[in-house]
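Summary of structural features
Chain by chain, the residues run as shown.
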Amino acid sequence: MRRTRFLSVLAGALAGALVLGLAASRTQSAPQKFDFYSRGPYHAGVPKPADILGYEPGTFHTTWGNMERVLDAIQRARPERVKREPFGRTVESRERSLFIVSTPENLAKLDAIRAGNEKLADPRGVSQGEIDKLTRELPVTVWLNYSIHGDESASFEAMMQVAYQLVAGDDSLTNRLLKNAVVLINPAHNPDGHERFVTWINAHGQGNPEHWALEQQRSQPWGIGGRRTHYQFDPNRDALAMSQPESRQMSREIRRWRPQVFVDHHGQVASFFFPPTADPTNAALGSSDYKMWVDRFGKGNAAAFDRYGWEYYVRDVFDFHAPEYWDIWPTLQGAIGMTYETDGGGNLAFRRDDETIVTMLDGMSRHFTASLATVETAVRFREERLKGMAAYAHTSCTPGANAPRAYALDAGDDPVRAAALAENLQYAGVEVQWVKQSFTAKGARAVWSEPASKPAPKEGKGLDRAGTPAAAKAAPAEAKFPNGAFVIDLAQPGSRIARALIEEDRSVDSTFARAELAKYERNVHRGRHAPKEEYGFYDITSWALPLSYGVKAYALGSLPGGGVKLADPDPNAPDDAADTLADSAAVGVPFTARVSRVGPLVMHDMKGGIAFDARGTISGGEANTAYVWSCATDGAARLALRLLQEGYKIATAARPLSAGGHEFPRGSFVARVERNPASLHTRIAALAKTSGVAVTAVNTAYTEKGDTGVGSENVVSLKKPSIAVVVDSPVSAEAYGWMWFLFERRLGVRFTAVRADRVGGMELDRYNILIVPDGGPGIATALGAGVAAVKDWVSRGGTLVCLDDAAELPTLASVGLSTCKVVGVPAKPKKDDEEIPDPDSSAAEASRRPQFIPGSVFWATPDPRQWLTWGFAPGRIPVMLQGSTMLTPTKEGATALRFDRTPLTVTGWTWPETERRLAHTAFAVDEPNGDGHVVMITGPILFREYWRNTERLLTNALLYAPALD
Ligand SMILES: [Zn+2]
């Protein structure tokens, strides 16, 4: 499934939405009985999956190793129909490969087929005559993707039956399909998650369908559930950030094949779903014929299902909006991408609300049938589908008369961050150029620049905008790029996804918006105990990457000269600029399998030469007095954290610093030679290089100007970070995973994960930072006796960092660690006999929590003197909110970021009340408490690894809170 709220749907609430077959089925006789082996004859000697596994389909869950034995045996028995091509390893080192099925003739010319597909997907320089020839002759390439959510297990099991059918089947239909199609079976998109799930369910499964049975999917222990990847990322949200190795390998392999059809097999709904999808549809698809195609594939599946009398539904709640799913992303590449959701799986059996039982075998049979029906539809419309892909690509390569010709991403003061955005775009399928020299672009329009603002009215009165804000387009002006820029030529196949990711993230159409606002009006007029209508937002409503990366972007009317096209990054190539945690052996067992990398430090041109090089350097050779570096980059924080972790003495300038003839901003770092061992010289050189930091060697403590030099009283010693992270319910495993990935794979920082119920009994004094990544007020219950222990520890000097919904924890009366209040939570619990205010009154509004904000972006104003905001460029900072936790400013501490100026909304959906209620609340607070600190931040600042701009708030807390007031 694509979102968690479907768990509640399982009970059968969808019954009203079911589409019980199309007209065709009404004329048919009794439904056929399903059998995996009814399509024979089959080639003798090809083993059925059960022959290898020793159990019948749907009676056990299959491990990765046993699945490989099945596919190997099928291939060995009929090698002329199968090829396997590996395309990378998962984080846990499972080798991923495509199981490619077609006729011997097609398999002999796969290179030519890929080359032909590439021409259809990128028709620049290809004649119409050649396109016509290719569309006449090429087979259609269909990618069948299985087991993306590892606990939606019917997908994985069905895949082996599909493989058997296509390889062993000698019936006329199978032969015709293979003659006209190359079928790419990806056995599992998320092997690591699937394996965790299988180990768990095979240990408990007995085919008990009761909802509360131990073996049901919802009983999976925290962190063991198979939905997510090794690092607990939802793989079906990562097609936007392409942050995980698994996503990057998928992106590269899909672009190597350029399939025309792509199906992602899921499963945990009450009845089978296949497209057509619901509104809204991503605007970047524009006038493409996507809807016509999903109607065709939908009708093909419907006819196949009607033969068996099976239920299914279309549209309903599965939209096609955020470009983060593995159905939309291939569609933006020119394929027709579709999500299929089956009932059954995630267990062996499940009891519906009408006492009927749905089994994993049911789910397998439906995925099997839909997979084959999809190949059949693709073959039926083969030539038209190939032409459709070429036409889509042609439009993508032709910028409209009023559309920008190019985008430029300013390399700015942190070129590694800009390069990380460029790399994100490359993995999303966008060609990027690097213009090294400084240049000026005339007629450049700033995308997402901070608008002129004024103080928000008192108590937010008069702020009642709603829906999707209109694009406030800045007037074109001259833009200077003194440090170079990454440039995106929009005459390319990836232009639509470039526009979607850089600028056009407002695609909620007006009909959809009106329906949601009507629901809002009805909901706020319903009594406290009346059920509320669920909103139609599937996930986030804004995703503009220049905002999340904090990189300035411009739309240009012409393409700047001097650009060097950057080579496609290879997710499987070793990264010379990464370092391993073995380098940090001082802080634990060497872990050579893990490398960490602040971002792309080196990017190559198309000939393999180095085009972009941001590896760090020490200017001035071996220092006599100190090494100094500015805090204005992500790498700077990484370098400081790594040196501190290894026991080196690092300090920070609490005021602007003058050293070695250079000026450094407040918060910059100093490593004094006198206070460190001689190994500092080589270690800082090595880590500066891999952190992409320009370090200045300073040879005297004397300063020519200013109050603060390297020896000043205002250069304060930092503390070695010793970090513990609270995990287990109600902390979201996903939010923990974002932090885990950041610490382990980008910063190379060690931490200890602790179950919430162990916090009370742990030696807290071994740590100076305790992080709660997420979790709502229930975290206090989960901590239990840990609450008192944490309070004592904070008073003795510990730093408690509470992120996202966990920002509420310190405000709870039972915790008492903050003077902030949560908006909409009355001081005393309501009594049932209390007078109920008029629902339209401000008293009624103030007494309820704000409406859930579905992933939207707002401008927050920093207090530049407060250390949480050090290292940020001047001006307001875009931050993301996803939830309904808003905090009043602190009375006793510092509000480092607050929402106090209008316009407040940058992009994404807002409710009529959102701005009014958000005005004058806090986004980030530091509340000193005894000798310690309590840091509260109300948004998901590490969101899915692409909110790079706000992750700095966390690294600042790690660096500065233990040392500064
Ligand atoms: Zn799913």
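Up top is the structure.
In what follows, the accompanying structure is described. (Residues numbered from 1 in each chain as written. Predicted model: local features only at pLDDT ≥ 70, side-chain atom pairs only at ≥ 80, totals over all residues. Heavy atoms only, no water.)

1. A few points about the overall build of the chain
Per the secondary structure count, the chain includes 27 helices and 41 strands. Since a compact globule built from 965 residues should have a radius of gyration of about 30 Å, the 29 Å found for the chain is in line with a globular shape. Each of the three principal axes of the chain carries a C-alpha extent, and together these read 90 × 75 × 55 Å. A buried classification covers 62% of the 965 residues belonging to the chain. In the chain, the proportion of contacts linking residues at least 24 apart, taken out of those at least 6 apart, comes to 83%. Within the structure as shown, the chain displays about 35100 Å² of accessible surface, and the carbon and sulfur contribution to it stands at 51%. Computed over 108 positive and 112 negative side-chain charges, the inter-centroid distance for the chain is 3 Å. (Helix = DSSP H or I, 4+ residues; strand = E, 2+ residues; numbered from the N terminus. Rg over C-alpha atoms; globule rule 2.2 N^0.38 Å. Buried < 20%, exposed > 50% of the residue type's maximum accessible area, 1.4 Å probe, protein only. Contact = heavy atoms within 4.5 Å. Areas by Shrake-Rupley, 256 points an atom, 1.4 Å probe, with all protein chains shown as cover. Lys, Arg positive; Asp, Glu negative; His and termini not counted. Charge placed at Lys NZ, Arg CZ, Asp CG, Glu CD.)

2. Side note on the pattern of salt bridges
Summed over all chains, the structure comprises 64 salt bridges. Of the charged contacts in the structure, one is a salt bridge between D72 and R84, with a shortest N-O distance of 3.5 Å. Taken together, the positions of D72 in helix 4 (residues 64-77) and R84 in strand 1 (residues 82-89) put the pair 12 residues apart, joining distant regions of the chain. Of the residues examined, D72 reaches a relative accessible area of 31% and is grouped as partly exposed. Accessibility expressed as a relative area gives 18% for R84, which makes it buried. With its nearest N and O atoms 4.0 Å apart, the salt bridge here joins R89 to E95. Judged by its relative accessible area of 43%, R89 falls in the partly exposed class. Shared partners join several salt bridges into a network, and the residues in it are E152, R227, D234, R237, E324, D539, E734 and R944. (Salt bridge = Lys/Arg side-chain N within 4 Å of Asp/Glu carboxyl O.)

3. Notes on the packing of aromatic side chains
One pass over the structure, following the stated rule, counts 51 aromatic pairs. A ring pair is formed by F233 and F741, whose centres lie 5.7 Å apart and whose planes are at 70 degrees; its orientation type is edge-to-face. One end of the pair, F233, is in the loop between helix 10 (191-204) and helix 11 (245-257); the other, F741, is in helix 22 (residues 733-747), with 508 residues separating them in the sequence. Exposure remark for F233: the relative accessible area of 1% places this residue in the buried category. The ring centre of Y37 lies 4.3 Å from the NZ or CZ of K48, which sits over that ring. (Phe/Tyr/Trp six-rings, centres within 6.5 Å; stacked < 30°, edge-to-face > 60°. Lys NZ or Arg CZ within 6 Å of the ring centre and 35° of its normal.)

4. Some thoughts on the sheet that holds strand 24 (residues 626-629)
With respect to topology, 6 strands assemble into an open sheet ordered 23-29-24-28-25-30, the strand pairing being mixed. Each of the sheet's edge strands pairs with one partner strand only, and the pair in question is strand 23 (617-619) and strand 30 (715-717). When the angles between neighbouring strand axes are averaged without regard to direction, this sheet yields 30 degrees. The sheet contact formed by strand 23 and strand 29 (residues 694-698) spans 3 bridges and is parallel. Across the sheet, S619 pairs through a bridge with T696, a residue of strand 29. Strands strand 24, strand 28 (669-672) and strand 29 of the sheet are contacted by helix 20 (residues 634-645), whose axis makes an angle of about 145 degrees with strand 24. (Pairing = 2+ DSSP bridges. Axes fitted to C-alpha atoms, helices over the stretch in contact; angles between N-to-C directions.)

5. Some thoughts on unusual backbone geometry
Residue P41 follows G40 across a cis peptide bond; omega there is 10 degrees. As for its placement among the helices and strands, P41 is situated in the loop between helix 2 (23-26) and helix 3 (49-53). At the junction of S729 and P730, the peptide bond is cis and its omega measures out at 10 degrees in the coordinates. Looking at where P730 falls in the secondary structure, it is placed in the loop between strand 31 (723-727) and helix 22. The phi dihedral of S93 falls on the positive side, at around 70 degrees, and the residue is not glycine. Taking the relative accessible area as the measure of exposure, S93 reaches 41% and is therefore partly exposed. The phi torsion at D804 lies on the positive side, around 55 degrees, for a residue other than glycine. Here D804 is to be found in the loop between strand 34 (799-803) and helix 25 (842-846).

6. Comments concerning the sheet that holds strand 17 (residues 553-556)
Reading across from one edge, 15-13-17-11-16-12-18 is the order of the 7 strands in this open sheet, with antiparallel pairing throughout. Among the strands making up the open sheet, the edge pair consists of strand 15 (477-481) and strand 18 (564-565). Taken together, the 5 bridges between strand 11 (residues 406-410) and strand 16 (residues 485-489) define a ladder with antiparallel strand orientation. Within strand 16, the position partnered with Y407 by the bridge is I488. Against the sheet, helix 16 (residues 415-427) engages strand 11 and strand 16, with an angle of about 20 degrees to strand 16. Contacts from helix 17 (residues 495-502) reach strand 11, strand 13 (439-447), strand 16 and strand 17, with the element oriented near 45 degrees to strand 11.

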